Amino acid sequence: MTAKILDGKALAAAIRNELAGEVESLVGKGVTPGLAVVLVGDDPASAIYVRNKGRAAEKLGVTAEIHRLPGDTTQSEVLALVDRLNRDSAVDGFIVQVPLPEQIDPIVVQDAISPAKDVDGFTPENIGLLAQGRPRFVAATPLGCMRLVAESGVELAGKNAVVVGRSNIVGKPMAMLLTNAHATVTVCHSRTQNLGGVVGSADVVIAAVGRAEMIRGEWIKPGAVVIDVGINRTAEGKLVGDVEFAAAVERAGAITPVPGGVGPMTIVSLLANTVVAAQLRAKPSG
Ligand code: NDP
């Protein structure tokens, strides 16, 4: 059996088309969605992510405002910018790109972001709403993964889902989304014992670890849906996921490639959140 390849690039393009219609209708009401991105320092990967987010937003007709701050920016200066963006009515949503330089505490910055503009879905309020099953802004990567799972055609209710990784930005919100969709969810991490056995019980596997091809193909239950969030560069400079793709593709029912799977879905999900934020602004109050 060879798995169906879940093409994140094509799915993201289809979602962008849907979003374009929504942006057009917002603009017709006098509301141009606005996204701001704050980048502190010169981490090369972050610079690429931020540039891609800005470009994707502008292509969609969403205003993108990129704030590039030097690596020696103080926490107070970042907080002052966050405060300004919280109050700027042209900015529907904004994100502060992580990682931040060491003099800046990411939790303090995150807590300063208005939950109504937190299109990354990282603030305690938005995570709490997701935990309660009434999501507002959901972290972009897990949201994109859910669209890919839907694309596989699997009916999640009652299925075993295994999430490998428990970070606040991927693993934990992913587990909440799957729970809300009525899957039976197991979360694995660095202290999990018999990882292969746990993964082998999964109808749906989400790998979000950051270790090249650590999820072995032979662990995958035949027919399972495999979503690979990991982005790792090998010594030869090749990009690979957390899943041993060549072997897993022979057992899975559906699988995402790296690159071209989760990555494009993350960006489009951030834009979807920004459009939702703009729709909330456009909605007549009362
Ligand atoms: P983190 O480093 O924050 O979390 C990694 C998780 O993996 C932790 O929970 C850790 O466990 C767990 N882990 C580490 N080693 C093992 C192991 N041997 N067995 C089982 N679990 C283990 O990473 P992120 O969640 O931020 O990102 C994960 C990956 O996804 C990275 O490769 C990142 O680049 C990629 N990513 C891709 C995105 C995309 O758009 N495609 C977006 C975001 C991330 P513990 O908690 O015990 O330490």
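Quick note: structure is the one above.
Let me sum up the structure you'll find in this document. Bear in mind that the values here come from a model prediction, so they are computed numbers and not experimental data.

## Looking at the overall build of the chain
The helix and strand tally for the chain stands at 10 helices and 11 strands. What you see for the chain is a C-alpha radius of gyration of 19 Å, in line with the 19 Å of a compact globule of 286 residues. Considering only C-alpha atoms, the chain reaches an extent of 50 × 40 × 35 Å along its principal axes. By residue count, 46% of the 286 residues in the chain fall in the buried class. Long-range contacts, defined as pairs at least 24 residues apart, comprise 70% of the intrachain contacts of the chain with a sequence gap of at least 6. As presented, the chain carries roughly 13,300 Å² of accessible surface, and 53% of it is formed by carbon and sulfur atoms. With 27 positive and 29 negative side-chain charges, the chain shows a separation of 3 Å between the mean positions of the two kinds.

## What to know about helix 1 (residues 8–28)
Compared with the 30 Å implied by 1.5 Å per residue over 21 residues, the 30 Å span of helix 1 between its first and last C-alpha is a close match. Every buried residue of helix 1 is listed here: Gly8, Leu11, Ala12, Ile15, Leu19, Val23 and Leu26. Down the axis of helix 1, the smallest arc covering the buried residues is 110°, so these residues share one side. The outward face of helix 1, more than 90 degrees from its buried face, is lined by the exposed residues Asn17, Glu24 and Gly28. Against helix 2 (44–60), helix 6 (140–152) and helix 10 (262–282) lie the buried residues of helix 1. One side-chain oxygen of the residue at the start of helix 1 lies 3.0 Å from the amide nitrogen of Lys9, identifying that residue as Asp7.

## Observations concerning the pattern of salt bridges
Across all of its chains, the model carries 6 salt bridges by this definition. Between Asp83 and Arg87 there is a salt bridge; the shortest N-O distance is 2.8 Å. Linking Asp83 with Arg87, this pair stays in helix 3 (residues 75–87), spanning 4 residues, or about one helical turn. Overall, Arg87 belongs to the exposed group, its relative accessible area being 61%.

## Side note on the pairing of strand 2 (residues 34–40)
In terms of burial, strand 2 is largely enclosed, as 7 of its 7 residues are buried. Along strand 2, one buried face is formed by Gly34, Ala36, Val38 and Val40 and the opposite face, lined by Leu35, Val37 and Leu39, is buried too. By the bridge criterion, 7 bridges tie strand 2 to strand 3 (residues 63–69) in an arrangement that is parallel. When the bridges of strand 3 are listed, Leu39 appears paired with Arg68. Handedness of the crossover joining strand 2 and strand 3 through helix 2: right-handed. The sheet contact formed by strand 2 and strand 4 (residues 93–96) spans 4 bridges and is parallel.

## Overview of the sheet that holds strand 3
Taken together, the 3 strands give an open sheet; going across it, the order is 3-2-4, and neighbouring strands pair in parallel fashion. Both edges of this open sheet fall to strand 3 and strand 4, since each of them pairs with a single strand only. Direction aside, neighbouring strands of the sheet carry axes that sit 15° apart on average.

## A look at the pairing of strand 8 (residues 225–228)
Side chains Val225 and Ile227 project from strand 8 onto one buried face, and the interleaved Val226 and Asp228 project onto a second face that is buried too. Pairing of strand 7 (residues 204–207) with strand 8, which is carried by 4 bridges, proceeds in the parallel orientation. Counterpart to Ile206 in the pairing with strand 8 is Ile227. Relative to strand 11 (residues 254–255), strand 8 runs parallel, the two sharing 2 bridges. When the bridges of strand 11 are listed, Val225 appears paired with Ala254.

## Here we look at the site of the ligand
Looking at the ligand, there are 22 residues lining it, with Arg166, Ser167, Ser190, Gly210 and Thr266 nearest. At 2.7 Å from an oxygen atom of the ligand is found a side-chain nitrogen or oxygen belonging to Arg166. Contact between the ligand and Ser167: an oxygen atom at 2.5 Å from a side-chain N or O atom of the residue. Protein burial of the ligand: of its 940 Å² of free accessible surface, 70% is covered by the chains. When residues of the shell around the ligand are assigned to their parent elements, the largest contribution, 3 residues, is made by helix 10.

## Quick word on the state of the cysteines
Within this structure, the stated rule accounts for 0 disulfides. Left unpaired, Cys188 is separated from the closest cysteine sulfur, that of Cys145, by 15 Å.

## Some remarks on the sheet that holds strand 6 (residues 184–188)
The 6 strands are arranged 1-11-8-7-5-6 in an open sheet whose pairing can be described as parallel. One side of each edge strand has no neighbouring strand; the edge strands of this open sheet are strand 1 (4–5) and strand 6. Strands in contact with helix 7 (residues 171–180) are strand 5 (160–164), strand 6 and strand 7; relative to strand 5, the strand with the most contacts, it is inclined by about 170°.

Each value, and the rule that gives it
- Residues numbered from 1 in each chain as written.
- Predicted model: local features only at pLDDT ≥ 70, side-chain atom pairs only at ≥ 80, totals over all residues.
- Heavy atoms only, no water.
- Helix = DSSP H or I, 4+ residues; strand = E, 2+ residues; numbered from the N terminus.
- Rg over C-alpha atoms; globule rule 2.2 N^0.38 Å.
- Buried < 20%, exposed > 50% of the residue type's maximum accessible area, 1.4 Å probe, protein only.
- Contact = heavy atoms within 4.5 Å.
- Areas by Shrake-Rupley, 256 points an atom, 1.4 Å probe, with all protein chains shown as cover.
- Lys, Arg positive; Asp, Glu negative; His and termini not counted.
- Charge placed at Lys NZ, Arg CZ, Asp CG, Glu CD.
- Expected span 1.5 Å × (residues − 1).
- Arc of directions from axis to C-beta.
- Polar contact = N/O pair within 3.5 Å; in protein donor to acceptor, adjacent residues only side chain to side chain.
- Salt bridge = Lys/Arg side-chain N within 4 Å of Asp/Glu carboxyl O.
- Pairing = 2+ DSSP bridges.
- Right-handed = clockwise from strand over helix to strand, strands pointing away.
- Axes fitted to C-alpha atoms, helices over the stretch in contact; angles between N-to-C directions.
- Near = heavy atom within 4 Å.
- Disulfide = S-S within 2.5 Å.

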